[in-house]
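# Commentary on secondary and tertiary structure
Listed here are the chains, written in short residue letters.
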Amino acid sequence: MSTPLAEKLRPKELSEVVGQKHLLGKGKPITVLLEKGNLVSLIFWGPPGTGKTTIAKLLADQTNSEFISFSAVGGSVKELREIIAKALSRRDLFQKQTIVFIDELHRFNKAQQDSLLHAVEEGIITMIGATTENPSFYINAPLLSRSRVFKLDSLSEDDLEILLERVDKIYPETKFEKKAKEYIIQQSHGDARALLNTLELLLSLTNKITLKEVENALQKQSIYYDKKGDSHYDTISAFIKSMRGGDADATLHYLARMIKAGEDPMFIARRMLVFASEDIGNARPNAMVLATSCMQAVSMIGMPESQLILAQTATYLATCPKSIASTEGIFSALSDLEKYGPDSIPLHLRNAPTSLMESFGYGKSHVRYPWQEEKKGNKVNQSYLPEKYKNKKYYKTE
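Residues numbered from 1 in each chain as written. Predicted model: local features only at pLDDT ≥ 70, side-chain atom pairs only at ≥ 80, totals over all residues. Heavy atoms only, no water.

Next up on the list: the pattern of salt bridges. Tallying each qualifying case throughout the model produces 11 salt bridges. Taking the shortest distance from any N to any O, the salt bridge between R146 and E121 comes out at 2.9 Å. Remark: E121 occurs in helix α5 (residues 110-121) and R146 occurs in the loop between α7 (141-145) and β5 (148-151); sequence separation between them is 25 residues. You can call R146 partly exposed: its relative accessible area is 29%. (Salt bridge = Lys/Arg side-chain N within 4 Å of Asp/Glu carboxyl O. Helix = DSSP H or I, 4+ residues; strand = E, 2+ residues; numbered from the N terminus. Buried < 20%, exposed > 50% of the residue type's maximum accessible area, 1.4 Å probe, protein only.)

This is the structure in structure tokens:
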């Protein structure tokens, strides 16, 4: 039976791990823990395929610890107690530490998590938990307080390209078309496991990997989309123009193209927030509130769930009434300042914190609350613009 590709590429030491440079390397947290010989129980929080299992195994190797892998999905408390009992014997008889790697730790309920507390606190085991969910919400406070949480990031396209280069070295006879490489990286969405599974399938089929071969293997057609090139700008432009034109169907079409191509969801959310102010403005002020909430939710939740939030917000913005009064107003005001300069602020609008300033007319005859005077039936004829601009109209709502 041939060795799986992921196993062939599995790093032998931490310096070979791709990505997670904020945790690994000289002076970084995990490296420092190892150097000080102070490996504590850890929780690795991050998306799939970011190296949680790999790093845990390497930590076991470098600390000469027994490595036991346990899944919170199918494992029971009884099995866990048996592992802890063997770890205690191993420590007492052979002075050997046990690292218990618990995959999908967030799947454990409160009672199951509590069953780990004594063993972790007494140092019988060093627990390394892996979770894709926020530990603050899914891990009990007592277990969380006994562990150190490290957040792992999705791999960048450059990181995934490094993995592809390593595959090239193992299979030098295999030829990759450039567009095929780009598409494989794009479709992996920062997940090393997804990339390696795709490559393993392709290598079993052919040694000449073209874009067409990748599409056939993945059973879906690519949308070739260069995030720094024309397709990136053309698609976001069409998306914005569709929202501006009130076409929710076209809006969803271009949103789908960006999602399928792996566009950064935060980029889409930011553009919608700008659109809410620029194109909807005060015709529906709540649009900006919703767009801000969308951006925050996308940041917290991530993909693929965020595509639902993006779609809801995009269709809302597309069907909103539109007003560019504030947008045109600020651009017009900026243009006039560029042409004519700032001019003096009227004296009655200036603060007068000293008697000297009052003597120069600062704040003189200023009506602080005009609306109160008008409610009393008193007409207020107070100007606010500098003399040079007194007849200017910037905010035109009609």
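That covers the picture; the talk isn't over yet.
Below, the discussion takes up the pairing of strand β3 (residues 98-103). Here β3 lies mainly inside the structure; five of its six residues are buried. Where strand β2 (residues 66-71) meets β3, six bridges bridge the pair, whose relative direction is parallel. For S71, the partnering residue across the bridge sits in β3 and is D103. Viewed along the sheet, the connection from β3 through α5 into strand β4 (residues 126-131) turns out right-handed. (Pairing = 2+ DSSP bridges. Right-handed = clockwise from strand over helix to strand, strands pointing away.)

Helix packing for two helices is described by the angle between their axes and how far apart those axes are. In contact at an axis separation of 8 Å, helix α9 (residues 178-188) and helix α10 (residues 192-205) are set at 135° when each is read in the N-to-C sense. Classed by the angle they form, the pair α9 and α10 counts as oblique. Where α9 crosses over α10, the two elements pack in a sense that is right-handed. Along the contact surface, α9 presents I184, I185 and S188, while α10 presents A194, L195, T198, L199 and L202. Classifying every residue of the contact of α9 with α10 by side-chain character gives six nonpolar, two polar and no charged. (Axes fitted to C-alpha atoms, helices over the stretch in contact; angles between N-to-C directions. Parallel < 35°, antiparallel > 145°, perpendicular 65-115°, else oblique. Left-handed = near helix turned anticlockwise from the far one by under 90°. Contact = heavy atoms within 4.5 Å. Nonpolar A, V, L, I, M, F, W, Y, C, P; charged D, E, K, R; others polar.)

This model, assessed by the stated rule, comprises four aromatic pairs. On the numbers, 6.1 Å between centres and 25° between planes, the contact of F67 with F101 is stacked. Placement of the pair is F67 in strand β2 and F101 in strand β3, with a sequence separation of 34 residues. Residue F101 is classed as buried on the basis of its relative accessible area, which comes to 2%. (Phe/Tyr/Trp six-rings, centres within 6.5 Å; stacked < 30°, edge-to-face > 60°.)

Looking now at the packing of α10 against helix α11 (residues 211-218). Taken N-terminus to C-terminus, the directions of α10 and α11 make an angle of 110°; their axes are 10 Å apart at the nearest point. Of the possible angle classes, the one that applies to α10 and α11 is roughly perpendicular. Like other packed secondary-structure pairs, α10 and α11 cross with a definite hand, here right-handed. Taken together, the residues of α11 that come into contact with α10 (itself represented by T198, L201, L202 and L205) are E213, V214, A217 and L218. Per-class residue counts for the contact of α10 with α11 are six nonpolar, one polar and one charged.

A few words now on the side chain of T98. Following the sequence through the fold, T98 ends up in strand β3. Only 2.6 Å separates the side chain of T98 from the side chain of R90, close enough to count as a polar contact. (Polar contact = N/O pair within 3.5 Å; in protein donor to acceptor, adjacent residues only side chain to side chain.)

Moving on: the confidence of the model for the protein chain. For the protein chain, the average pLDDT comes to 87, and 96% of its residues sit at 70 or higher. Looking over the protein chain, one finds the lowest element-wise mean pLDDT in α11, namely 81, and the highest in helix α16 (residues 306-319), namely 96. (pLDDT = per-residue confidence, 0-100.)

With that out of the way, let us pick up a nonpolar patch on the surface. Residues I330, F331, L334 and L337 make up a contiguous nonpolar surface patch of about 410 Å² in total accessible area. Mapped onto the elements, F331 comes out in helix α17 (residues 325-340). Of the residues examined, F331 reaches a relative accessible area of 54% and is grouped as exposed. (Patch = residues over 30% accessible without salt bridge, like charges linked within 9 Å, V, L, I, M, F, W, Y side chains within 5 Å. Areas by Shrake-Rupley, 256 points an atom, 1.4 Å probe, with all protein chains shown as cover.)

Where strand β1 (residues 42-45) lies against β4, four bridges are found, and the strand directions are parallel. Opposite F44, over in β4, you have A130 as the bridge partner. In this sheet, β5 lies alongside β1 in parallel orientation, the contact comprising four bridges. Each bridged residue has a counterpart across the sheet, and for I43 the counterpart in β5 is V149.

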